[in-house]
Every structure is written in structure tokens, then in C-alpha cells.
Amino acid sequence: MRKNIKGSFRLHQSTTTTIGKIITYILLIFFSSIFVIPLLWMISTSLKDPSLIFVNPPVWIPPEITLDNFRSGLRLMLPSFQTLFSNTIIVTLLIVFGSLFSSSIVGFAFATFPARGKNILFLLVLTTLMIPPQVTLLPQFVFFNRLGWRNTWYPLFVPHFFAMPFFVFMFRQFFASIPRELFDSAEIDGCSPFGLYWRIALPLAKPAFATAGIFAFLGGWNDLLTPLVYLSDMKKFTLSLGLANFQSTSWTYLQYLMPMALLAVIPIIILLFFAQKYFVQGVVTSGIKG
Amino acid sequence: MRISTEIKNLISKQDHTFKHGSLWKKKERWFWLFISPWIIGFIGLTLGPIIYAFAMSFSRFRFTEGLSWVGLRNYQILFSDTVFLKAVSNTIYYAFVSVPLSLVFSFILAYLLNQKLKGITFFRTIFFLPTVIQGVAVFMLWGWIFNPRFGLINFLLRSMGIGNPPIWLESEIWAMPAIIIIGLWSTGWMMLVYLAALQEIPKELYEACQIDGGSFTQKIIHITLPMISPVSLFLLITGMISSMQLYAPAYVLTQGGPNFATTTIALLIYYSAFRWNKMGQGAAMAVLLFISILIFTIIQLVLSGKWVHYRTGVDE
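**Brief notes about the overall build of chain A**
Next up, step 1: Along chain A, the regular secondary structure elements total 14 helices and 0 strands.
Next up, step 2: When the elements of chain A are put in sequence order from the N terminus, they spell out α-α-α-α-α-α-α-α-α-α-α-α-α-α.
Next up, step 3: Taking 2.2 N^0.38 as the reference for a compact globule, 290 residues should give roughly 19 Å; the C-alpha atoms of chain A span a radius of gyration of 25 Å, well beyond that estimate.
Next up, step 4: The principal-axis extents of the C-alpha atoms in chain A amount to approximately 85 × 75 × 35 Å.
Next up, step 5: Relative to its 290 residues, chain A shows a buried fraction of 42%.
Next up, step 6: Taking the intrachain contacts of chain A between residues at least 6 apart in sequence as the baseline, contacts between residues at least 24 apart amount to 76%.

Right, dumping it as C-alpha cells:
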């Protein structure tokens, strides 16, 4: 009797799931196309002759693939794409290095050392997450201007050397999950507090570093506001500022915009495919965006 | 979600590790040394600037002379300025339309991704892709897609029989909806947070509902939605906070136009302070933005303990 009920239940379930599966797949493909078609459109526009760009209905696959738009776009762009690219790489790497080093050491202290008022301080760290950058933007501008940092890269990366609250939170959660005995026994063996961080905690924290590193990289790569406010010399522009500038000055050359946008996006897409695990982990463990 | 629960823990928790003794004191010294980068940054780059921003908002600022007190003048000018009032209503419009839409959209996406099917990680990558590549390049792409004459969207609308589709970014009415659509396209963060929440729902609940003869919609209404409501609230508030700071697509695509239709508060702060040389008014707007975000944050902390459905309530 019991078996029968179970059997019929299972049968019922499997038929609904086949229909359900088909519907789910249809919806998955429908939504995927919403996400993918604009990107395919960007690629298609980049690779076709300008005469085929301004036509109705649109041509999806051009009869002839041409790289002319890339060449002309690269020639028209001021400063050169290579300059923008290497500027962005330098600034972004400094941001990644600075924020990871400072945030991990602060997160380590919050996770392992005892101190009076530690919880209140950590509460303060979390509160600063909610502060909109626009509030500190103007006073920081006045301050950095007085230091003579206008039109330099310092305002872009130096603040990241003073621990980013979101990463402090991430590292603190990670280091708190390391068994305390590990630190205790290292201490008995004569390990200094800095050694605890450098030799015990750091080697264990590779996943946390990968996740925070990707977030810091994306933040640096996509930042528009800080370069916009501080940089005036085109030779120092970053990619996002250079692209925004290109968009507003050459909107009549629509055919050159897409190949340039595509070039800017390719490194990020490659990064996503190689490190997707860490992206997902970062969002899931913290449940908030950076 | 995790952060707000952490905040609650911190408020309720006492320092159990509190001890006296020389070893403990030595460790405490190391604590302060290790967190000193954050303390310097907090005082120099956050707390100091916030205080200075308040001072700036009550002053006239010149780079050569510094601050000179003008009382409430900056605020008075703002509230009689039609551009500022328009920016406020634009910002509210964006936040109140885009955030609920993103919640619904990302929930549907997450729900689909939560099915145990072959190739689901592939779809997850596709859904998440636009979020990762957000930035100026993506806004350029959308500028082209919204092109009134040769863009993809209007081609689609024309082929559906709409002879006179909107001119999107060039239209006062349609520019903001276009920017909302761009935001919806990169809603992957919310989707991933929802996905994580969906995976935490115990399977027994669905099985129990199934045995009781519950339908698909009943499962969604009585199990899924209540179980993820804390996450929804969290996403609602953080989504509101971040959408109140929107400036980038408007700056890149429309420069706040046409006729200030896409000028948001964050964009107006930039224009006032750095283009129109009105630092005082820029600071006043920044202070107002700060206060509204603070209110939203407090609402989140208060509400997160009330009308949301926590797991303990379901287990009983």
C-alpha cells in the first residue's frame, strides 16, 4: 500500500518535471538571448562595413568581415587606445594591491586580536559601507588639490591603501573561520603577530584574495567618477574616461564606437570565464555588492 | 543580508574575550597597529571629509580663500532651483521604478537558475555577463541599440507594427525609461544573491507542500516568497541606496539631457561642483543625499527584524 502511494507520487512528479523542464529551458534561452543579443550586436557592428551599419533591417552577419572600423577607431581615438589601456592597467593594479594588502591586514586584526571596543569599531567599518562617495568627493577634491595631486593618479589609487570596508568585512569573515589553534600553536613556537598574518593567515586566504582581488579589479577598471574629477591631461586618462570622452566627441562616427567598446570589454569577459567561481563566491558570501 | 545580521550580532554581543594581563595588553597594542591604515583612512578620507562637506554646504567656497559662512543660503538656492527639483524627482523616479523591476526580474532569473538542469552553469555565466562588463563600454553599446533610426530596439518595435517608435535618449519622456532598461540588463548581483537565498530553502518544505497537493503557484506564494523576504528587503534597501547614486549612464549617454530629463542628483553634484563652480551648492546636495541614504539605512535595520519572515517562524 505504502509502496503504491510512493510509486504513483514519483510518476506524477516525473511527468510534471519533464513539462517543467521544457518550459524552464525555453525561458532560460529566452532570457539568455536578451543578455547575449546586445553583445552579438556589438560584435556584428564592429566587424562590418560602415555601409552595412546604417541600414534597415539590420544585417546580422556581414557578407565580408572587415577590421577597418577597428583601425579607424584606433587612429581617431585621442589619446591612443594603448595609452588608455596601459594607464588603466597601472592604476587598477595599484588599486588591487593597495586595497588587498591594507584590507586583509585590518580584517586579520579584527578577526584574531582581542581589544576593548573592537565590536564598536567593526560596526563603524560596516556603517561606512553606506556612505555615498559623493559626500566625501568634494572635500577630498579640496584636500588632494592642496596636496598638488590634481591631474595625477594619486587620488585614484592612494585612498585604496587605507582599507576598503567591504573587503575588511570579507577578510574578517574569512580569517575568523580559520581554527584558532593554528594561531595559538604558531604563537607558542615563537611566531610574531606579523608572522601570524604573513606566514599562517595569508597562505590560507588565497580564495578570499582571489574574490576581493576581482572585485577590486572591476571597481578600478570601471571607475569613471574619480578619473573624471581629477584628470584633465588626456595622456593620463583611464580607459573608461577615454571612452566616455570618445563617445561625446565622436558620436557622429558611430561605426568606430562599437569596436572601441568591444576592445575595452574583452579583458573583462576573459576574466569572468577564468574566475567565475570567485565572482559567485564573493557575492554569495557577503550578499552585497562592493 | 549577511552584513545586517552581522550588525545585529555586534550590537547584542558583549566582549567575551575581555581579559586583563600583560599578554592581553600586548595583543591589544598589535590590534591598534594593524588597524591603523583603516583608522587613518577613516579619519582623513571619510569622517573629516563628511564634516567638511557639512561646513561647505553652509559656506561659499573659493579655492583661494577657503570657506566663508553663508548660513542656509545654499539650501535656499537649491530649493528654489527648478533644475535641482527636477533632479530630485528624476532620482526618485529612477529609484522607485528601477529597483522593484530589478527585484522581480532578478528573482525570475534566479528561480530559473535554481533548477537542477544540465548546462545551468552556462546559463548562469550568460546571465551574469552583462553585470561584470558594466561600465562606459556598455553604455556606448546601449546608446547604439537605442539609436532612433538604426538601433536594434526600434527595428524590433517597427517590425512589431509600431510605426512611430520613441526616439529614446533624445526624448524627454523616453530617456529615463531607456536608462532604467540599461540598469535592468545588468541586474546580476541581485540575481546571485537571490540564487544563494533560494538554495538555502530546505527541500522538506516543498516536499511537504507537494504531498498536501500544493500547486506551483501555491509553492511560490506560501514557501518561496516568504522564505526569501529578508533577502528581498535587503536588496530593496541596498538597491534604493545605490540607485540614488546613479550618474554614469546619464553622464555618458545624455549629459543629463534632453532638457535635464536624465539629470540625477549625483550627476548634478558633479556638474555643480566641477563644471559650474558652485562647490557650496554641490556640497549641500551631497549632504542631502547623505541624509536620505542614512534614513534608508536606518529603516533597513529597524525593519529587518519586523515584517520579514525568518526561518524560525516557519519551523514552528
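Resuming the write-up.
**Considerations on the interface of chain A and chain B**
Next up, step 1: On the chain B side, the residues contacting the 76 residues of chain A number 78 residues.
Next up, step 2: Of the residues forming the side of chain A that touches chain B, the biggest block, 15 residues, is contributed by helix α14 (residues 254-286) of chain A.
Next up, step 3: By residue class, the composition of the side of chain A that touches chain B is 55 nonpolar, 17 polar and 4 charged.

**Some thoughts on the pairing of strand β1 (residues 59-62) of chain B**
Residues and elements named next belong to chain B.
Next up, step 1: Where burial is concerned, the two faces of β1 differ: the one with Ser-59 and Phe-61 is buried and the one with Arg-60 and Arg-62 is not.
Next up, step 2: Sheet topology note: the β1/strand β2 (residues 66-69) ladder contains 4 bridges and is antiparallel. Pairing of Ser-59 across the sheet is with Trp-69, part of β2.
Next up, step 3: Hairpin connection from β1 to β2: 3 residues lie between these consecutive antiparallel strands.

**A look at the environment of B:Gly214**
Residues and elements named next belong to chain B.
Next up, step 1: You can see Gly-214 is positioned in the loop between α10 (203-211) and α11 (216-243).
Next up, step 2: Taking the number of C-beta atoms within 10 Å as the measure of exposure, Gly-214 has 16 and is therefore partly exposed.
Next up, step 3: Taking the C-alpha atoms as reference points, Gly-214 and Met-240, 26 residues apart in sequence, are found 35 Å from one another.
Next up, step 4: Residues in contact with Gly-214, not counting those within four places in the same chain, are Cys-209 and Lys-219.

**Examining the domain arrangement of chain B**
Residue and element names in this part refer to chain B.
Next up, step 1: Examined at the domain level, chain B breaks down into domain 1 (15-57) and domain 2 (75-315).
Next up, step 2: The straight-line distance from the C-alpha centre of domain 1 to that of domain 2 is 35 Å.
Next up, step 3: At the junction of the two partners, domain 1 supplies 4 residues and domain 2 supplies 6 residues.
Next up, step 4: When the residues that make up the side of domain 1 that touches domain 2 are grouped by side-chain class, the tally is 3 nonpolar, 1 polar and no charged.

**Topic: unusual backbone geometry**
Next up, step 1: Despite not being glycine, B:Phe260 has its phi angle at roughly 65 degrees, a positive value.
Next up, step 2: Summarising the element assignment, B:Phe260 is placed in the loop between α12 (248-253) and α13 (265-275).

**Concerning the confidence of the model for chain A**
Next up, step 1: Taken over all residues, the pLDDT of chain A has a mean of 83, while the share at 70 or more is 90%.
Next up, step 2: This model gives residues 1-14 of chain A a pLDDT under 50, and the stretch forms 0 contacts once residues within four places in sequence are excluded.

**Examining helix α5 (residues 118-128) of chain A**
Next up, step 1: Within α5(A), the full set of buried residues consists of A:Leu121, A:Phe122, A:Val125 and A:Thr128. One side of α5(A) carries all its buried residues, which in axial view fall inside an arc of 115 degrees.

**A short note on the packing of helix α4 (residues 81-112) of chain A against helix α8 (residues 165-176) of chain A**
All names here are of chain A.
Next up, step 1: It is the contact of α4 with α8, at a shortest axis distance of 7 Å, that shows an interaxial angle of 50 degrees. Classified by the angle their axes make, α4 and α8 are oblique. You can see that α4 and α8 cross each other, and the crossing is right-handed. Counted together, Ser-99, Ser-103, Ser-104, Val-106, Gly-107, Phe-108, Phe-110, Ala-111 and Thr-112 of α4 and Phe-167, Val-168, Phe-171, Arg-172, Phe-175 and Ala-176 of α8 form the full contact between these two elements.
Next up, step 2: Looking at the contact of α4 with α8 residue by residue, the class counts come to 9 nonpolar, 5 polar and 1 charged.

**Notes on α10(B)**
Side chains that are three or four residues apart share a direction in an α-helix, a result of its 3.6 residues per turn.
Next up, step 1: Among the 9 residues of α10(B), 0 are classified as buried, and the element is accordingly described as predominantly exposed.
Next up, step 2: Just downstream of α10(B) lies B:Gly213, where phi reads positive at about 80 degrees.

**Notes on the domain arrangement of chain A**
Residue and element names in this part refer to chain A.
Next up, step 1: One can read the domain layout of chain A as domain 1 (2-66) and domain 2 (76-286).
Next up, step 2: Centre-to-centre separation of domain 1 and domain 2, based on C-alpha positions: 35 Å.
Next up, step 3: At the interface, 6 residues of domain 1 touch 6 residues of domain 2.
Next up, step 4: Elements supplying a minimum of two residues to the side of domain 1 that touches domain 2: α1 (2-47) and α2 (50-53).
Next up, step 5: With 4 residues, the top contributor of residues to the side of domain 1 that touches domain 2 is α1.

Reading the values: the criteria
- Residues numbered from 1 in each chain as written.
- Chains lettered and ligands numbered in written order.
- Predicted model: local features only at pLDDT ≥ 70, side-chain atom pairs only at ≥ 80, totals over all residues.
- Helix = DSSP H or I, 4+ residues; strand = E, 2+ residues; numbered from the N terminus.
- Rg over C-alpha atoms; globule rule 2.2 N^0.38 Å.
- Buried ≥ 20, exposed ≤ 12 C-beta atoms within 10 Å, placed from the backbone.
- Contact = placed C-beta atoms within 7 Å.
- Nonpolar A, V, L, I, M, F, W, Y, C, P; charged D, E, K, R; others polar.
- Pairing = 2+ DSSP bridges.
- Domains from an automatic or database assignment.
- pLDDT = per-residue confidence, 0-100.
- Arc of directions from axis to C-beta.
- Axes fitted to C-alpha atoms, helices over the stretch in contact; angles between N-to-C directions.
- Parallel < 35°, antiparallel > 145°, perpendicular 65-115°, else oblique.
- Left-handed = near helix turned anticlockwise from the far one by under 90°.

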